[in-house]
Amino acid sequence: MQEKQEKERLNLYLSQDLLKRLEYCSERYGVSRTQLAVMLIGQGLAGIEEAFRISSSVSKELLKNLDQEDSNN
């Protein structure tokens, strides 16, 4: 059983167009606007965090390769 997480409130201002799109999609998924917004924020953050992880990994590998080239020269 998962431990209940403490939650914080977040107020957002959306354009009318974005709100209509959110309502349309939430109705199609059968969830509330809030539930869909939370899912989308979670997915977006996961993607951004993965991009940061990849960028950090590539940077470390690049620096490692540059150090090896300097050692060889």
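Rules used throughout
- Residues numbered from 1 in each chain as written.
- Predicted model: local features only at pLDDT ≥ 70, side-chain atom pairs only at ≥ 80, totals over all residues.
- Heavy atoms only, no water.
- Helix = DSSP H or I, 4+ residues; strand = E, 2+ residues; numbered from the N terminus.
- Rg over C-alpha atoms; globule rule 2.2 N^0.38 Å.
- Buried < 20%, exposed > 50% of the residue type's maximum accessible area, 1.4 Å probe, protein only.
- Areas by Shrake-Rupley, 256 points an atom, 1.4 Å probe, with all protein chains shown as cover.
- Axes fitted to C-alpha atoms, helices over the stretch in contact; angles between N-to-C directions.
- Parallel < 35°, antiparallel > 145°, perpendicular 65-115°, else oblique.
- Contact = heavy atoms within 4.5 Å.
- Nonpolar A, V, L, I, M, F, W, Y, C, P; charged D, E, K, R; others polar.

Caption draft 1: Region of the structure containing the overall build of the chain. Each helix and strand in the chain was counted, giving two helices and zero strands. Relative to a compact globule of 73 residues, whose C-alpha radius of gyration would be 11 Å, the chain shows 21 Å and is clearly more extended. For the C-alpha atoms alone, the extent of the chain along its principal axes is close to 60 × 35 × 20 Å. Counting only residues that meet the buried cut, the chain has 5% of its 73 residues in that class. As presented, the chain carries roughly 7,400 Å² of accessible surface, and 53% of it is formed by carbon and sulfur atoms.

Caption draft 2: Up close: the environment of threonine 34. Checked against the element boundaries, threonine 34 lands in helix H2 (residues 33–72). On the basis of relative accessible area, threonine 34 is assigned to the exposed category, the value being 57%. Placed twelve residues apart in sequence, threonine 34 and leucine 22 show a C-alpha to C-alpha distance of 9.1 Å.

Caption draft 3: View of the packing of helix H1 (residues 16–29) against H2. Between H1 and H2, whose axes approach to 9 Å, the crossing angle comes to 100°. Relative to H2, the element H1 lies roughly perpendicular. In this structure, H1 uses Leu19, Leu22, Glu23, Cys25, Ser26 and Tyr29 to contact H2, whose residues at the interface are Arg33, Leu36, Ala37 and Leu40. Looking at the contact of H1 with H2 residue by residue, the class counts come to seven nonpolar, one polar and two charged.

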